[in-house]
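# Structure assessment
Okay, here's what each chain looks like letter by letter:
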Amino acid sequence: MLNWFAVVSVALGIFSIVTTEILPIGLLTSVAAEFGVSDGAAGLTMTVPGLVAAVAAPVFTVVTARLDRRSMLGALMAVLVVADVMAALAPAYWLVLASRVLVGVVIGGFWSIGAGLAGRLVHDRAVPVATAVIFAGVPLGSVLGVPAGTWIGHLAGWRASFVVMAVFTAVVLVALLALVPRLPAEQVTSLRVLGVLLRGSAVRAGLLVTFLIVVAHFATYTYITPFLERVTHLDPGLVGTFLLVYGAAGVAGNFLAGATIRRFFAATFCAAALLIAAATLLLPVLGTTPAGAAVLLVLWGVGYGAVPACSQTWFARAAPGAAEAGTVLFVSSFQVSLSAGALAGGVVADATSPATLMLYGGAIALVVAWLTGSGRSSLSRRGSRPGGALLRRPRAGA
């Protein structure tokens, strides 16, 4: 049962998906300039995958409920290769968006299956660590993937970044098929199961908190490149370096959350929201200099690095008897929130400025900090199950 090579290969799959999904953040101004669209319109490259993924997660999971999970992971990686090549060769902007539809399908399917596989690959006592390793693919997509893609785009054009991702994803596909054992479906997820879960108060609260914190993050972070170039007045060639700083902090935040989330769930989530709020609210004031922006990006990275693990843990504990179904809800809520954030951020950015956008995002993050912090003591006492002022103990079977 102990299969750390398989865990790492799944983490690499998550890394590849996350990098491809958020790669446009570092290339936003280049894509907008080539196709003659606004920053907000270019932000659709972030909105489209999230919307598709939100629908694809439950549909894909139900349709493939009885199929081997390893085979599904491999098939999804193959689709991602096609999507990357399609983006790299697209002669028109609508074809770039079409490629992002395929990315959304992959996100919804792979995350729904892969995010909850730790318990099937390692012993029970190692599950928290294995989960942290798998979710490390999220901040690593920021710390390595996006900065590298930004550098490549600066040196060789944004299309070259997608070519590199296509090659890397093909390697991950081979690793998954070679290292992950056969994983027949254990829990058949149906729409009825998802409906039962949605009636649970803990699940609904998790949907609310996930929506707010992810909207706060992606409404602002999607447009961090225009902010750094126009408000911080950073040389475009240094944007990748600053995203690298952010991503490194995100990796640290992910593993810090893994160390504290079991005993201090509410405090961990609240602290993450507060760090995001502090960074985004202060960026228009202190982020006008490269040094100030770098410090605030570190705070932001640590905060957001903890968010995926906190949100996934919330759903897993609210639905202890239906792990895959809980993961489906996590993926759907996360992706629709990402899309809503990127879309709303684009509207605000086009109507006002990147600096004003940061203030809106920070205000939403403060609301999340209040919601999670208001039930902090109750959450801490229960230890393994969300509760308190915001949550109630899930009903049996939910």
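An account of the accompanying structure is given in this report. Model, not experiment: these values are computed from the prediction. (Residues numbered from 1 in each chain as written. Predicted model: local features only at pLDDT ≥ 70, side-chain atom pairs only at ≥ 80, totals over all residues. Heavy atoms only, no water.)

### Examining the overall build of the chain
Using the following cut-off: Put simply, DSSP marks the helices as runs of H or I at least four residues long and the strands as runs of E at least two long, and each gets a number from the N terminus on. Burial status follows relative accessibility: with a 1.4 Å probe on protein chains alone, a residue under 20% of its type maximum counts as buried, one over 50% as exposed, and anything between as partly exposed.
Each helix and strand counted, the chain has 18 helices and zero strands in total. Per-residue burial for the chain yields a buried fraction of 59% across its 398 residues.

### What to know about the packing of helix 13 (residues 239-260) against helix 15 (residues 290-318)
This is how the line gets drawn: Every axis in this analysis is a line fitted to C-alpha atoms, fitted for helices over the stretch in contact. Angles between the N-to-C directions lie between 0 and 180 degrees. The handedness criterion is simple: a crossing whose near helix is rotated anticlockwise from the far helix by less than a right angle is left-handed, and one whose near helix is rotated clockwise is right-handed. Contacts are residue-level and defined by heavy atoms, with any inter-residue pair within 4.5 Å sufficient. The residue classification treats Ala, Val, Leu, Ile, Met, Phe, Trp, Tyr, Cys and Pro as nonpolar and Asp, Glu, Lys and Arg as charged. All others, Gly included, are polar.
At their nearest, the axes of helix 13 and helix 15 sit 6 Å apart, and the two run at 35° to each other. Between helix 13 and helix 15 lies a crossing of right-handed hand. Residue-level inspection shows Phe-242, Val-245, Tyr-246, Ala-249, Gly-250, Gly-253, Asn-254, Leu-256 and Ala-257 of helix 13 in contact with helix 15, the latter providing Pro-290, Ala-293, Ala-294, Leu-297, Val-298, Trp-300, Gly-301, Val-302, Tyr-304, Gly-305, Ala-306 and Ala-309. Partitioned by chemical class, the residues of the contact of helix 13 with helix 15 number 16 nonpolar, five polar and no charged.

### So, helix 15
Selection criterion: In this analysis, the expected span of each helix is defined as 1.5 Å times one less than the number of residues it contains. Fitting one axis to the seven residues ending at a residue and another to the seven starting there, the bend at that residue is the angle between the two axes.
The terminal C-alpha atoms of helix 15 lie 42 Å apart, and with 29 residues this matches the ideal 42 Å at 1.5 Å per residue to within 8%. At Val-307, helix 15 shows its maximal bend, which comes to roughly 25°, and the proline Pro-308 appears one to four places after that position. Counting buried positions along helix 15 gives 22 out of 29 residues, so the element sits mostly inside the fold.

### Some details on the packing of aromatic side chains
Aromatic ring pairs: the centre-centre distance and the angle between the two ring planes describe each pair. Let me state the cut-off plainly: When two rings of Phe, Tyr or Trp (its six-membered ring) have centres within 6.5 Å they constitute a pair, described as stacked for plane angles under 30 degrees, edge-to-face for angles over 60, and tilted for the intermediate range.
As enumerated under the stated definition, the model contains 11 aromatic pairs in all. Between Tyr-246 and Trp-300, the aromatic rings sit 6.3 Å apart at their centres with planes inclined by 85°, giving edge-to-face as the arrangement. Here Tyr-246, found in helix 13, pairs with Trp-300, found in helix 15; they are 54 residues apart in sequence, far enough to count as distant. Taken as a pair, Tyr-246 and Trp-300 share a single burial class, namely buried. Chaining the aromatic ring pairs together yields one cluster made of Phe-35, Tyr-93, Trp-158 and Phe-162.

### Some points on the side chain of Thr-169
Topologically, Thr-169 is positioned in helix 9 (residues 158-179). Residues within four places of Thr-169 in sequence aside, it is in contact with Ser-16, Met-77, Leu-80, Val-81 and Asp-84.

### What about helix 1 (residues 4-35)?
Compared with the 46 Å implied by 1.5 Å per residue over 32 residues, the 44 Å span of helix 1 between its first and last C-alpha is a close match. The axis of helix 1 is deflected most strongly, by about 75°, at Leu-27. Among the 32 residues of helix 1, 25 are classified as buried, and the element is accordingly described as predominantly covered. Just beyond helix 1, the residue with positive phi is Gly-36, at close to 65°.

### Notes on the environment of Val-7
Looking at the secondary structure, you find Val-7 in helix 1. Residue class for Val-7 comes out buried when judged on its relative accessible area of 0%. When the C-alpha atoms of Val-7 and Ile-134 are compared, they prove to be 6.5 Å apart, with 127 residues separating the residues in sequence. When near neighbours in sequence (up to four residues on either side) are disregarded, Val-7 contacts Leu-121, Val-122, Ala-130, Val-133 and Ile-134.

### A word on the nonpolar core
As a reminder of what qualifies: Definition of nonpolar core: a set of buried residues of the types Ala, Val, Leu, Ile, Met, Phe, Trp, Tyr and Cys, connected through side-chain atoms within 4.5 Å.
With 93 residues, the main nonpolar core has Val-10, Met-77, Phe-110, Trp-111, Ile-213, Ile-224 and Trp-300 as its most contacted residues. Top contributing element to this core by residue count: helix 15, with 12 residues. The contact partners of Ile-213, leaving out residues within four places of it in the chain, are Phe-269, Ala-273, Ile-276, Val-307, Ala-365 and Val-368. With 21 residues, the next largest nonpolar core counts Leu-27, Ala-87, Ala-90 and Met-165 among its residues.

### What about the side chain of Thr-220?
What counts here: Any pair of nitrogen or oxygen atoms within 3.5 Å is treated as a polar contact; in protein, a donor-acceptor pairing is required on top of that, and neighbouring residues in sequence qualify only through side-chain atoms on both sides.
Relative to the helices and strands, Thr-220 is located in helix 11 (residues 201-221). Using a relative accessible area of 0% as the deciding quantity, one classes Thr-220 as buried. At 2.7 Å, the side chain of Thr-220 and the backbone oxygen of His-217 are in polar contact. With residues near it in sequence (within four places) discarded, Thr-220 still touches Thr-280, Trp-300, Leu-357, Met-358 and Gly-361.

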